Every structure is written in structure tokens, then in C-alpha cells.
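Given next are the chains, with one letter for each unit.
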Amino acid sequence: MNNFDVLLEKGRNFHGEVCPGIVIGTRIAMAGMKELGMNPGERNRDLMVYVEIDRCMADAVQAVTGITMGHRTLKYKDYGKFAATFLDLSTGKAVRVSAAENKREPPKPGEKNDNNRPDMKKMVEALSKVPEEELLLIEEVKVDIGEHDIPGFPKFKTHCEECGDRVLDRREVIVDGRTLCKACAEGSYYQKI
Ligand SMILES: [Zn+2]
Ligand SMILES: [Zn+2]
């Protein structure tokens, strides 16, 4: 097995299957780490990754790079884009790797399976073989990372004056002089019943 296949297997184990998103995510992660001079498949303490979508691709990026939300090395940006930015915390160097969808031809009608749905196996094979310059756009970028977003012990803790919950890492909001959590200040995704 070559390196790509080994990394694809990591994605399969983590995600449960190899789908087009896992292939793209694996290639994105390999390209990003290569640009930073890091070894894909090995955990690197200085690597931080911002993923811009919560779909299959993100699982491959996690599996290949070893970054996790729990280590604060995985940041999720809800942009709905097949893209991720790889940041070397030791040097500040960062590259954003995105899937250059507009560069690629859409699947031909003949590439559908019996159920009239796109043939996953064929898509996976095709995506594995597309030359990198056709599949990915790699740009050097600058990332301003706040002191409360980096790995390590929390530098600041407070409590919400409305609900009493503890709030870490300066995620509180000051409204009319009161310290509030975001749920109390901006409305939450849940309703108490
Ligand atoms: Zn998937
Ligand atoms: Zn609150």
C-alpha cells in the first residue's frame, strides 16, 4: 500500500466508509501538511486546522492529521465549504487548501449506477487519480489566532450572571454591564422544557 492508501484506510476506520468526501479530505490534509513540511499520518503538536464544513471531509482531515477538538487543534468554521486551513503554531505559516470544484468537469450521466445515483466507487476512484493541481487550490494565508483559542489550560474563567453557568476562554459577552454567556445574551439553540 502506498502512503495515500494507508491514509485513506485511516479515514475509513474513523468515518466508517470511503466516500468521495473522505478522498477529498485525505488529499486536502496531505497537501496541507506537505506545504507545512509535516508528515501526514503522524500527530504534530504544532499543527492546528480550521475546517470549513461539518461533512465527511472533516473526518478525513481529523483521521489524517490527528487534530481533535478536545486538544483545541481542530477549529470548526461553519462556512459550508470544502476547505481547510493548516497552521503551524511554531512558525505562524498557514495554507488554505480548498477543493477547486469549478475546475473539474461534473460527472457524466453515464457514470450513474443502476439506482440512477452517482456511482460512489467510480467517484472515489476518479477523485483519487485527479492530479493535485486540478483538484485543489492551495494558497498561503495569514491566521490571527487569539490567546484564548490556543491549546493549553484556560487563561480565564467567569460565570454568567443570568444562568450561573461557568464560561471559559473569554466566550462571555458583556451586555449593559452584565457578564452573560452567549446562550443568555444571543439566544440558545435549545429551549428548556
Ligand atoms: Zn462519507
Ligand atoms: Zn447564561
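Residues numbered from 1 in each chain as written. Chains lettered and ligands numbered in written order. Predicted model: local features only at pLDDT ≥ 70, side-chain atom pairs only at ≥ 80, totals over all residues. Heavy atoms only, no water.

### A look at the packing of helix H2 (residues 20-35) against helix H3 (residues 56-65)
Then, number 1: At a minimum axis separation of 7 Å, H2 and H3 run at an interaxial angle of 45°. The angle between H2 and H3 places the two elements in the oblique class. Crossing of H2 over H3 shows right-handed handedness. Listed contacts from H3 to Gly21, Ile22, Gly25, Thr26, Ile28, Ala29 and Met33 of H2 are Cys56, Met57, Asp59, Ala60, Val61, Val64 and Thr65.
Then, number 2: Counted by class, the contact of H2 with H3 contains nine nonpolar, four polar and one charged residues. (Axes fitted to C-alpha atoms, helices over the stretch in contact; angles between N-to-C directions. Helix = DSSP H or I, 4+ residues; strand = E, 2+ residues; numbered from the N terminus. Parallel < 35°, antiparallel > 145°, perpendicular 65-115°, else oblique. Left-handed = near helix turned anticlockwise from the far one by under 90°. Contact = heavy atoms within 4.5 Å. Nonpolar A, V, L, I, M, F, W, Y, C, P; charged D, E, K, R; others polar.)

### A closer look at the environment of cysteine 163
Then, number 1: Along the chain, cysteine 163 falls in the loop between strand E6 (157-159) and strand E7 (166-168).
Then, number 2: Looking at cysteine 163, the relative accessible area reads 36%, which means it is partly exposed.
Then, number 3: Between the alpha carbons of cysteine 163 and leucine 180 there is a distance of 8.1 Å; along the sequence they are 17 residues apart.
Then, number 4: With sequence-adjacent residues up to four places away left out, cysteine 163 is seen in contact with Cys181 and Cys184. (Buried < 20%, exposed > 50% of the residue type's maximum accessible area, 1.4 Å probe, protein only.)

### What to know about the domain arrangement of the protein chain
Then, number 1: Domains assigned within the protein chain are domain 1 (3-141) and domain 2 (157-186).
Then, number 2: Each of domain 1 and domain 2 has a C-alpha centre, and these two points are 36 Å apart. (Domains from an automatic or database assignment.)

### Some details on H2
Then, number 1: A rise of 1.5 Å per residue sets the reference length of H2, with its 16 residues, at 22 Å; its end C-alpha atoms lie 23 Å apart and thus fit the reference within 8%.
Then, number 2: Of all 16 residues making up H2, 13 are buried, and the element is well covered by its neighbours.
Then, number 3: Note on H2: the residue one or two positions beyond its end, glycine 37, has a positive phi of about 70°. (Expected span 1.5 Å × (residues − 1).)

### Overview of the packing of helix H1 (residues 3-15) against H3
Describing two packed helices takes the angle between their axes plus the distance from one axis to the other.
Then, number 1: Orientation of H1 relative to H3, taken along the N-to-C sense of each, is 120°, at an axis distance of 8 Å. When the axis of H1 is compared with that of H3, the two are oblique. For the element pair H1 and H3, the recorded crossing hand is right-handed. Counted together, Leu7, Lys10, Gly11, Phe14 and His15 of H1 and Cys56, Asp59, Gln62, Ala63 and Val64 of H3 form the full contact between these two elements.
Then, number 2: In the contact of H1 with H3, the residues fall into five nonpolar, three polar and two charged.

### Quick notes on the packing of aromatic side chains
Then, number 1: Counting across every chain of the model gives one aromatic pair.
Then, number 2: Ring geometry for tyrosine 189 against tyrosine 190: centres 5.0 Å apart, planes inclined by 80°, an arrangement best described as edge-to-face.
Then, number 3: In this structure tyrosine 189 comes out as exposed when scored by relative accessible area, which is 78%.
Then, number 4: Residue tyrosine 190 is classed as partly exposed on the basis of its relative accessible area of 37%.
Then, number 5: One Lys or Arg, arginine 170, reaches over the ring of phenylalanine 156 and ends 3.5 Å from the middle of that ring. (Phe/Tyr/Trp six-rings, centres within 6.5 Å; stacked < 30°, edge-to-face > 60°. Lys NZ or Arg CZ within 6 Å of the ring centre and 35° of its normal.)

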